[in-house]
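Descriptive analysis of the structure
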Amino acid sequence: MSYKEYKGSAGGWGALASTAKHLLKSENVAKNIRNLLKTNQDHGFDCPGCAWGEQTHSTTFRFCENGAKAVNWEATSRRVDANFFAGHPVSWLKKQSDYYLEYQGRLAEPVVYNPVTDLYEAISWQQAFDLIAEQLNALESPDQAEFYTSGRASNEAAFLYQLFARKLGTNNFPDCSNMCHEASGVALKQAIGVGKGTVTMDDFDDADAIFVFGQNPGTNHPRMLETLSTAAKRGAKIISFNPLKERGLERFTNPQVPTEMLTGGATKITQQYFTPNLGGDMAAVRGMVKVLLARHQQTNDVFDQAFIDQHTQGLADYLIAVEATQWQHIVTQSGLSEAQITQAADLYQQSKNVIITWAMGITQHKHSVETIQEITNLQLLFGNVGRKGAGLCPVRGHSNVQGDRTMGINEKPDAAFLHSLEETFSFKPPQHQGHNVVQSIEAMLSGKSKVFIALGGNFVAATPDTPITEQALSQCELTVSIATKLNRTHLTVGKKSLILPCLGRTDIDMQNNNPQSVTVEDSFSMVHASQGVVKSDTAMMLSEPAIIAGMAQATLGDQPIEWLKVIEDYDRIRDLIAKTIPGFKEMNQGSKQDGGFYLGNTAAQRVWSTASAKAQFKAYDLPVSIVSESQRALTNNRIFVLQTLRSHDQYNTTIYGFEDRYRGISGDRKIIMMHPKDIEDLGFKAEDRVDVEALWPDDVTRKVTGFQLIPYDTPRGNIAAYFPEANPLVALASYGKGSFTPTSKTIAVVITAHVDAESII
Ligand SMILES: Nc1nc2c(c(=O)[nH]1)N[C@H]1C(S)=C(S)[C@@H](COP(=O)(O)OP(=O)(O)OC[C@H]3O[C@@H](n4cnc5c(=O)[nH]c(N)nc54)[C@H](O)[C@@H]3O)O[C@H]1N2
Ligand SMILES: Nc1nc2c(c(=O)[nH]1)N[C@H]1C(S)=C(S)[C@@H](COP(=O)(O)OP(=O)(O)OC[C@H]3O[C@@H](n4cnc5c(=O)[nH]c(N)nc54)[C@H](O)[C@@H]3O)O[C@H]1N2
Ligand SMILES: [Mo]
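For every chain, the first residue of the written sequence is number 1, and numbering continues from 1 along that sequence. Labels are handed out in written order, letters beginning with A for the chains and numbers beginning with 1 for the ligands. With the structure being a predicted model, the display of local features is reserved for residues of pLDDT at least 70 and the display and counting of side-chain atom pairs for 80 or more, all residues being used for whole-chain, interface and lining totals. Based on all heavy atoms of the structure, the side-chain values leave hydrogens and waters out of the count.

**Regarding the site of ligand 2**
Around ligand 2 lies a shell of 29 residues, among which Tyr-148, Ser-150, Ala-462, Glu-544 and Thr-653 are the nearest. Note that a nitrogen atom of ligand 2 is positioned 2.7 Å from one of the backbone N or O atoms of Ala-462. In protein, a polar contact means a hydrogen-donor-capable atom and an acceptor-capable atom, both N or O and within 3.5 Å, with residues adjacent in sequence counting only if both atoms are side-chain atoms; elsewhere, any N or O pair within 3.5 Å suffices. Contact distances for ligand 2 include 3.2 Å between a nitrogen atom and a side-chain N or O atom of Thr-484. Values of accessible area rely on a 1.4 Å probe in the Shrake-Rupley scheme; residue burial ignores everything except the protein chains shown. Bound to the protein, ligand 2 loses 96% of the 930 Å² it would expose on its own. Polar here means any residue other than Ala, Val, Leu, Ile, Met, Phe, Trp, Tyr, Cys and Pro, which are nonpolar, and Asp, Glu, Lys and Arg, which are charged; Gly is therefore polar. Class assignment of the residues belonging to the shell around ligand 2 gives a composition of 11 nonpolar, 13 polar and five charged. Of the domains in this structure, domain 1 (79-178 + 408-595) and domain 3 (629-760) are the two that each give at least three residues to the shell around ligand 2. We define proximity as follows: a residue is near a molecule or strand when any one of its heavy atoms falls within 4 Å of that partner. Residue ranges assigned to the domains are those given by an automatic or database domain assignment.

**Some details on helix H3 (residues 65-74)**
Counting along an α-helix, one turn takes 3.6 residues, and residues three or four places apart therefore face a common direction. The buried fraction of H3 amounts to 10 of the 10 residues, a majority that puts the element mostly inside the structure. For the exposure calls, accessible area comes from a 1.4 Å probe over protein chains only, and a residue counts as buried if that area is under 20% of its type's maximum, exposed if over 50%, partly exposed in between. By definition, any uninterrupted DSSP run of H or I lasting at least four residues is a helix, any uninterrupted run of E lasting at least two residues is a strand, and each is numbered from the N terminus. Of the residues making up H3, those classed as buried are Glu-65, Asn-66, Gly-67, Ala-68, Lys-69, Ala-70, Val-71, Asn-72, Trp-73 and Glu-74.

**Details of the site of ligand 1**
Every one of the 31 residues lining ligand 1 counts as a neighbour, but Asn-242, Glu-246, Asp-281, Gln-650 and Asn-652 are closest to it. Between ligand 1 and the protein, one listed contact pairs a nitrogen atom with a backbone N or O atom of Phe-241 at 2.9 Å. His-365 places a polar side-chain atom, nitrogen or oxygen, 2.8 Å from an oxygen atom of ligand 1. Calculation on ligand 1 without its partners gives an accessible area of 920 Å², and the protein chains cover 99% of this total. Every element with two or more residues in the shell around ligand 1 is listed here: helix H11 (217-220), helix H20 (360-363), strand E25 (639-645) and strand E26 (650-651). The class makeup of the residues in the shell around ligand 1 is 10 nonpolar, 17 polar and four charged. Two domains each provide a minimum of three residues to the shell around ligand 1, namely domain 2 (182-395) and domain 3 (629-760).

**Details of the packing of aromatic side chains**
The relative placement of two aromatic rings is captured by the distance of their centres and the angle of their planes. Ring pairs shown here join Phe, Tyr and Trp side chains whose ring centres sit within 6.5 Å, with only the six-membered ring taken for Trp; geometry is labelled stacked below 30 degrees between planes, edge-to-face above 60, and tilted in between. Applying the stated criterion across every chain, the model contains 26 aromatic pairs. Ring geometry for Phe-147 against Tyr-161: centres 5.6 Å apart, planes inclined by 75°, an arrangement best described as edge-to-face. Remark: Tyr-161 occurs in helix H8 (residues 155-168) and Phe-147 occurs in strand E7 (residues 145-149); sequence separation between them is 14 residues. Comparing Phe-147 with Tyr-161 shows no difference in burial state: the two are buried. Relative to Phe-382, the ring of Phe-303 lies with its centre 5.5 Å away and its plane at 80°, an arrangement referred to as edge-to-face. Linking Phe-303 in the loop between helix H15 (281-299) and helix H16 (305-311) with Phe-382 in the loop between helix H21 (368-381) and strand E15 (391-394), this pair joins segments that are 79 residues apart in sequence. Cation placement over rings: the criterion is NZ of Lys or CZ of Arg within 6 Å of the ring centroid and within 35° of the ring normal. Cation over ring: Arg-152 sits above Tyr-651, and NZ or CZ is 5.1 Å from the ring centre. When the ring centre of Tyr-273 is taken as reference, the NZ or CZ atom of Lys-245 above it lies at 5.7 Å.

**Thoughts on the side chain of Ser-184**
Residue placement: Ser-184 occurs in helix H9 (residues 182-192). On the basis of relative accessible area, Ser-184 is assigned to the buried category, the value being 0%. Among the polar contacts made by the side chain of Ser-184, one reaches the side chain of His-181 at a distance of 2.7 Å.

**Comments concerning H9**
Of all 11 residues making up H9, eight are buried, and the element is well covered by its neighbours. Here H9 has its buried residues at Glu-182, Ala-183, Ser-184, Val-186, Ala-187, Leu-188, Ala-191 and Ile-192. Residue contacts are counted whenever heavy atoms from the two residues lie within 4.5 Å of one another. The secondary structure elements touched by the buried residues of H9 are strand E14 (354-358), H20, H21, E15, helix H22 (401-406) and strand E24 (615-616). Gly-193, located one to two residues past H9, shows a positive phi value of around 85°.

**A closer look at the side chain of His-367**
Within the fold, His-367 resides in the loop between H20 and H21. You can call His-367 buried: its relative accessible area is 6%. Of the polar contacts made by the side chain of His-367, one reaches the backbone oxygen of Gly-279; its length is 2.9 Å. Once residues lying within four places of it in the same chain are set aside, the contact partners of His-367 are Gly-279, Met-282, Pro-623 and Ile-626.

**Observations concerning the domain arrangement of the protein**
Interface size is often expressed as the accessible area that is lost when the parts come together. Segmenting the protein into domains produces domain 1 (79-178 + 408-595), domain 2 (182-395) and domain 3 (629-760). Every contact between the two is made by eight residues of domain 1 and, on the other side, nine residues of domain 2. Take the accessible area each of two parts loses on contact, using a 1.4 Å probe, and add the two losses: that sum is the buried area. Around 680 Å² of area is buried between domain 1 and domain 2 when both sides are counted, 47% of it from carbon and sulfur atoms. By convention in these notes, a salt bridge is any Lys or Arg side-chain nitrogen within 4 Å of a carboxyl oxygen on Asp or Glu. Our count for the domain 1 to domain 2 interface comes out at two salt bridges.

**Observations regarding the layout of surface pockets**
For the largest pocket, the calculated volume is near 1,200 Å³. Elements with a contribution of two residues or more to the lining of the largest pocket: H9, H22 and helix H23 (415-425). Counting residues per element, the lining of the largest pocket draws most heavily on H9, at five residues. Across the lining of the largest pocket, the residue classes tally to 10 nonpolar, 18 polar and seven charged. When we break the lining of the largest pocket down by domain, the ones giving at least three residues each are domain 1 (79-178 + 408-595) and domain 2 (182-395). The definitions used throughout rest on a 1 Å grid laid over the protein atoms alone, on which a cavity is an enclosed set of points accommodating a 1.4 Å probe that cannot get out and a pocket is an open set flanked by protein within 12 Å on both sides along at least five of seven lines; lining residues are those having an atom within 4 Å of a point. Grid points are joined across faces, edges and corners, and a volume is the space filled by probe spheres set on the points.

**Section: the nonpolar core**
Counting residues in hydrophobic clusters, the biggest one holds 60 residues, and the most contacted among them are Leu-136, Phe-147 and Leu-498. No other element matches H8, which puts nine residues into this core. Residue contacts for Phe-147: discarding those within four places in its chain leaves Leu-136, Tyr-161, Phe-164, Ala-165, Leu-168, Thr-170, Asn-172, Phe-173, Pro-174 and Ile-453. Nonpolar cores were defined as sets of buried Ala, Val, Leu, Ile, Met, Phe, Trp, Tyr and Cys residues, with membership established by side-chain atoms within 4.5 Å. Judged by nonpolar contacts, the second largest core, of 56 residues, contains Trp-327, Trp-358, Ile-362 and Ile-372.

**A few points about the packing of H15 against H21**
At a minimum axis separation of 9 Å, H15 and H21 run at an interaxial angle of 25°. The angle between the axes of H15 and H21 places the two elements in the roughly parallel class. By crossing handedness, the relation of H15 to H21 is classed as left-handed. Of the residues in H21, those touching H15 at Asp-281, Met-282, Val-285, Arg-286, Met-288, Val-289 and Leu-292 are Glu-370, Thr-371, Glu-374, Ile-375, Leu-378 and Leu-381. Class assignment of the residues belonging to the contact of H15 with H21 gives a composition of eight nonpolar, one polar and four charged. All axes here are fitted lines through C-alpha atoms, helices being fitted over the stretch that makes contact, and every angle between N-to-C directions spans 0 to 180 degrees. Each angle receives one of four descriptions, namely roughly parallel if under 35 degrees, roughly antiparallel if over 145, roughly perpendicular if within 65 to 115, and oblique otherwise. It is the rotation of the near helix from the far one that decides the hand of a crossing: anticlockwise by less than a right angle makes it left-handed, clockwise makes it right-handed.

**Remarks on the pattern of salt bridges**
Any two side chains of opposite charge can pair if their charged atoms end up close together. Following the criterion strictly, the structure yields 30 salt bridges and no others. We note a salt bridge from Lys-412 to Glu-411, for which the minimum N-O separation is 3.5 Å. Glu-411 gets classed as buried once you look at its relative accessible area, which sits at 3%. The salt bridge involving Arg-716 is made with Asp-678; its shortest N-O contact spans 2.9 Å. Residue Arg-716 is located in the loop between strand E32 (703-711) and strand E33 (718-722), and its partner Asp-678 is located in helix H33 (residues 676-681); the two are separated by 38 residues in the primary sequence. Classification of Arg-716 as partly exposed rests on a relative accessible area of 38%. Exposure remark for Asp-678: the relative accessible area of 7% places this residue in the buried category. Through salt bridges with shared partners, a single ionic network connects Asp-175, Glu-182, Arg-405, Glu-411 and Lys-412.

In structure tokens, the structure reads:
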């Protein structure tokens with residue numbers, strides 16, 4: 001392991017060199033370069049890397065370093081087939097690293113687990129579908145099945161999947177978004193009537209300021225850096241709130257602009273970088289509003305009174321809450337001084353049009369819904385919603401996580417959606433609420449749920465309380481994973497387990513001798529087509545729609561649709577979507593035109609689909625504290641707040657390598673980033689190994705061991721480790737109020753010297 005401050009800018013030659021390294025590593029250089037050229041082009045595939053949007057009419061190649069990695073790893077020629085499994089027992093595979101599992105290549109043929117031999121063995125597609133049908137039909141209630149979705153699934157796959165599960169009779173749709181932007185959906189739906197962002201890409205051209213909260217775009221949304229640097233160059237102010245100094249938010253060299261590359265020029269991205277405490281953003285925004293309110297009370301012209309009067313409700317209660325909040329509380333919780341918060345308020349007030357973006361640093365806390373509504377309150381005070389160049393922008397993660405929701409992957413569907421399904425398909429869908437991720441784990445643990453089906457993803461690695469989730473899954477009668485790559489979830493077998501290999505975004509998908517396209521929706525509600533271009537050995541794989549149709553046909557017969565007919569031509573699926581979901585009427589034509597089509601957003605039109613038909617100010621007290629005072633006292637103040645985040649060389653649970661380039665960390669992932677003074681105060685030095693134990697108040701010991709300390713520029717008392725290595729520290733019961741999102745960014749822990757288990761024996 002080594003660490004060294006990264007002196008370069010984000011992007012630049014470093015990104016190019018890394019792209020080249022990953023291209024060369026993937027054996028199939030020419031093919032992969034061709035793939036990259038087709039990424040996010042009008043007749044290619046949507047980049048599976050992230051959900052940032054496309055600049056329309058751009059002539060540059062629209063891919064980034066991390067998108068390139070995602071494409072390359074999918075397009076590998078290595079195969080995991082029955083032969084591979086014959087030589088690798090599951091108990092042995094379980095001991096290998098996530099990196100090893102991923103590196104074995106693409107899952108190539110359907111396999112079923114044999115507990116006698118401890119091996120996955122070949123099974124025909126039909127036998128696999130029949131086994132699923134038999135298990136589902138044997139359940140006492142359809143609510144004993146869990147239908148998990150990860151956000152790479154296309155709209156077409158997601159729509160069929162929800163139709164299958166709802167016809168069976170359940171709304172159990174645990175979804176990766178429960179762990180991701182759920183709080184954004186919940187908060188915005190209540191406040192502005194629509195659970196999605198209100199801006200489009202064009203708005204970034206007119207913004208005077210962009211506030212970026214809790215997000216690391218250099219690694220996780222690299223194409224966003226291009227948007228931010230363009231805005232910065234024309235003089236827009238970019239203000240970042242992040243406890244870690246993230247290089248991608250500081251300076252950026254655009255690899256697609258030759259002059260910047262040749263001159264070593266870089267654009268300064270962030271004008272003002274604030275480093276709040278973990279979970280301190282609500283307090284910081286509350287402080288900003290307090291400053292601005294005081295000014296408004298003097299002059300009466302700071303807030304946009306006309307907008308407030310015409311469009312909002314609840315201001316008085318909110319202002320009472322603001323006035324009641326003490327500066328002492330704000331400063332302690334945010335970790336920012338009153339002067340810093342005043343400076344942030346100045347920057348906000350000086351800018352006419354403000355966009356606020358955010359990601360996991362905001363959504364994975366106990367008070368995330370409140371924090372997002374606090375951010376919304378600030379924007380509403382200034383009429384910064386539904387105006388050109390201004391708005392709210394939750395930046396989604398998985399490339400189609402937003403679309404999956406639109407298609408009905410939702411454990412609490414609204415009545416209008418269910419009614420529409422009933423009209424189109426002539427059956428009564430279940431009306432009662434289903435399970436989200438946390439509830440599905442609880443149901444499997446208690447034995448209530450018996451079948452787990454995953455449309456993509458890596459459930460056991462992505463969810464909290466890893467050993468408990470593993471136990472939950474292994475108690476199931478049947479687990480089914482529809483996947484492209486081998487991962488830990490597939491090795492956490494139930495009484496019966498199937499792995500069903502599917503085509504990925506980049507693969508050519510032939511049905512009935514015709515190549516098919518699918519559609520996806522980005523963070524800006526743009527829906528567009530995606531068509532694979534890679535010709536490779538996918539003989540034994542099926543597309544996601546074909547697998548879902550196969551399961552549904554075996555389970556339900558021709559109900560409520562002729563499944564096998566519908567998937568012969570995906571236009572037929574789109575016709576069904578068009579009939580069912582508002583905004584999709586012209587789906588078949590719209591998705592194929594250049595740039596796709598815009599779904600629209602009522603809040604962006606200043607139409608408020610809330611109960612009061614107004615945008616709603618929401619008033620809450622700040623949390624008393626981020627970690628409980630009794631915990632603090634019990635640990636003699638040695639308590640730390642841990643966040644779990646992504647390195648530059650990973651895609652969620654997929655580990656591409658051990659290089660966290662912009663943070664200068666290399667060679668190991670079992671690390672803790674900590675303020676140098678904290679390291680010293682604990683009596684340690686850099687690179688010492690420590691054990692980390694969570695302080696959740698129950699009887700379970702949650703501990704990870706042998707992590708190395710790395711000095712890092714972050715406020716004292718706040719530390720960071722990588723996801724998924726640190727997931728065993730997150731208690732299942734520690735989730736966001738109203739969102740049920742695991743609190744992956746606030747985990748109270750204590751740090752002790754590493755005790756080598758072997759040395760005790
Ligand atoms: N290459 C790559 N791209 C990805 C992914 C990937 O794993 N790899 N994952 C995709 C997915 S699913 C998602 S959801 C997105 C995730 O994108 P991000 O949200 O950028 O992901 P994280 O690594 O979790 O980073 C969270 C950032 O928030 C900061 N942060 C943490 N807690 C707080 C807080 O309390 N306040 C503030 N202000 N900041 C805080 C952290 O320091 C870090 O910079 O990326 C998507 N894109
Ligand atoms: N501690 C902690 N935990 C977290 C987070 C965190 O920040 N901290 N972040 C959370 C977030 S934001 C998210 S979104 C979740 C992610 O949770 P998931 O979406 O469940 O996890 P991924 O790692 O994205 O899933 C990777 C697997 O998906 C499969 N796959 C890839 N492409 C395809 C495809 O096209 N089709 C199919 N069927 N399968 C495919 C491959 O088998 C691969 O191994 O994790 C959450 N967990
Ligand atoms: Mo995510």
